[in-house]
Amino acid sequence: MNKYSLNPKFNRKRYPPEYYAQKKASQKSQQRVNVLNRQFNALRPGEKLVTDMTYIRVRGGWLFLSAIVDLFNGDVVVFSISNKLNVELAIKTLNELANTGYVTESACIFHSDQGFTYTNNYFVEELNAQGFTQSFSRVGNCWDNACIESFFGHLKAELGITHQKKLLSYAEMEQKIRDYIEYYRTKRVQPSLAYRTPQEVLLEYQATLV
C-alpha cells in the first residue's frame, strides 16, 4: 500500500451529543469503591463473594471461564464457560447463584476487578437488583482479588494448562475444567482450611446450626 500510495480513509464513528453526556454521567455515577479492602476472611457462607474471568487457549480459539468464589471456605460456588468474553457471561454466572438456590447474606459483598464486564450498566443493575454490595479492586492491582486469582493459578498449573504443548478441543478442555472444579471443591485439601476441603468446611459449619 505504501509502494502504490494507497492511503485508505477511515470513517470516524460518531454518536449523538446525548450519547456522550449519558456515558459521562453513567461513569460518574458508578462509585468504584474497594469495599472488600483485602478483608478476605468471612464468618459465614454467602457473606463475601469474589468473581473474575480467565481465558484458556484451545484448538481453534479460546475458552473463557467465569467463576464466583465464596471467601468463607474458598468454594467455587458457581461457574460458567463460554467461547465468548462478554457481559452476558458475567450476568449468566451471577444468575447461577439464584438458579442453584445459593443463599447469600443481606447486602453480601460482591467483589471484582474493574473490567468492562463488571462495570457495564447491565451487570451493575442486575447486581443491585439482587441486593448485592458491589466492590472493586483498585486499577491494576491483582492483589485486591488474590483469592480467585490463586484459584485460577492452581487450576491452570494442576491441569498442565500453563505450559501445554498440545491444544485440546473446546469440549475436551471444558470437561477437564468441570472435573477439576468438582475435585477442587470435594477432594483437594487446602492448608488455609486446616487441610480440609471447601465442602468439608461448609458441612462442619452447617452442623453447628442444627
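Note that the coordinates shown come from a computational prediction; the quantities given were computed from them, not determined experimentally.

Draft legend 1. The arrangement of the overall build of the protein chain in detail. In terms of helices and strands, the protein chain carries 7 helices and 5 strands. Ordered by position in the sequence, the α and β elements of the protein chain form the string α-β-β-β-α-β-α-α-β-α-α-α. Here the protein chain holds 210 residues, and 39% of them are scored as buried. Considering only contacts within the protein chain whose residues lie at least 6 apart along the sequence, 63% involve residues at least 24 apart. By element, 52% of the accessible surface of the protein chain is carried by carbon and sulfur atoms, the whole surface being about 13100 Å².

Draft legend 2. Representation of the nonpolar core. Leu63, Phe151, Leu155 and Ile177 are the most contacted members of the largest nonpolar core, which totals 27 residues. By residue number, the principal contributor to this core is helix H6 (residues 170-186), which donates 5 residues. Setting aside anything within four residues of it in sequence, one finds Phe151 in contact with Val76, Tyr180, Ile181 and Tyr184.

Draft legend 3. Spotlight on the packing of aromatic side chains. Evaluation of the coordinates by the stated rule reveals 9 aromatic pairs. On the basis of an interplanar angle of 65 degrees and a centroid distance of 5.1 Å, the ring pair of Phe72 and Tyr205 is categorised as edge-to-face. Here Phe72, found in the loop between strand S2 (61-70) and strand S3 (75-82), pairs with Tyr205, found in helix H7 (residues 198-208); they are 133 residues apart in sequence, far enough to count as distant. Over the face of the ring belonging to Tyr55 we find Lys156, whose NZ or CZ atom lies 5.4 Å from the ring centre.

Draft legend 4. Highlighting the environment of Leu89. As for its position among the elements, Leu89 is in helix H2 (residues 87-99). By relative accessible area, which is 3% here, Leu89 ends up buried. Setting aside residues no more than four positions away along its own chain, Leu89 makes contact with Met53, Phe64, Ser66, Ser80, Ile81, Ser82 and Lys84.

Draft legend 5. Representation of the packing of helix H5 (residues 146-158) against H6 in the model. Contact pair H5 / H6: the axes reach a minimum separation of 11 Å and the direction vectors enclose 120 degrees. When the interaxial angle is binned, H5 and H6 end up oblique. Like other packed secondary-structure pairs, H5 and H6 cross with a definite hand, here right-handed. Taking contact as the criterion, the partners of Phe151, His154, Leu155 and Glu158 in H5 are, on H6, Ile177, Tyr180, Ile181, Tyr183 and Tyr184. In terms of residue class, the contact of H5 with H6 is built from 7 nonpolar, 1 polar and 1 charged.

Draft legend 6. Quick peek at the side chain of Asp75. Considering the arrangement of structural elements, one finds Asp75 in strand S3. Overall, the relative accessible area of 2% leaves Asp75 in the buried class. Setting aside anything within four residues of it in sequence, one finds Asp75 in contact with Ile68, Val69, Asp70, Arg185, Pro198 and Gln199.

Draft legend 7. Examining the pattern of salt bridges more closely. Counting across every chain of the model gives 8 salt bridges. With a shortest N-O distance of 2.7 Å, Arg185 and Asp75 are connected by a salt bridge. A residue pair is termed long-range when its members are at least 10 positions apart, and Arg185 in helix H6 and Asp75 in strand S3 qualify at 110 residues. Sharing partners across several salt bridges, the network here consists of Arg38, Arg138 and Asp144.

Calculation criteria
- Residues numbered from 1 in each chain as written.
- Predicted model: local features only at pLDDT ≥ 70, side-chain atom pairs only at ≥ 80, totals over all residues.
- Heavy atoms only, no water.
- Helix = DSSP H or I, 4+ residues; strand = E, 2+ residues; numbered from the N terminus.
- Buried < 20%, exposed > 50% of the residue type's maximum accessible area, 1.4 Å probe, protein only.
- Contact = heavy atoms within 4.5 Å.
- Areas by Shrake-Rupley, 256 points an atom, 1.4 Å probe, with all protein chains shown as cover.
- Core = buried A, V, L, I, M, F, W, Y, C linked by side-chain atoms within 4.5 Å.
- Phe/Tyr/Trp six-rings, centres within 6.5 Å; stacked < 30°, edge-to-face > 60°.
- Lys NZ or Arg CZ within 6 Å of the ring centre and 35° of its normal.
- Axes fitted to C-alpha atoms, helices over the stretch in contact; angles between N-to-C directions.
- Parallel < 35°, antiparallel > 145°, perpendicular 65-115°, else oblique.
- Left-handed = near helix turned anticlockwise from the far one by under 90°.
- Nonpolar A, V, L, I, M, F, W, Y, C, P; charged D, E, K, R; others polar.
- Salt bridge = Lys/Arg side-chain N within 4 Å of Asp/Glu carboxyl O.

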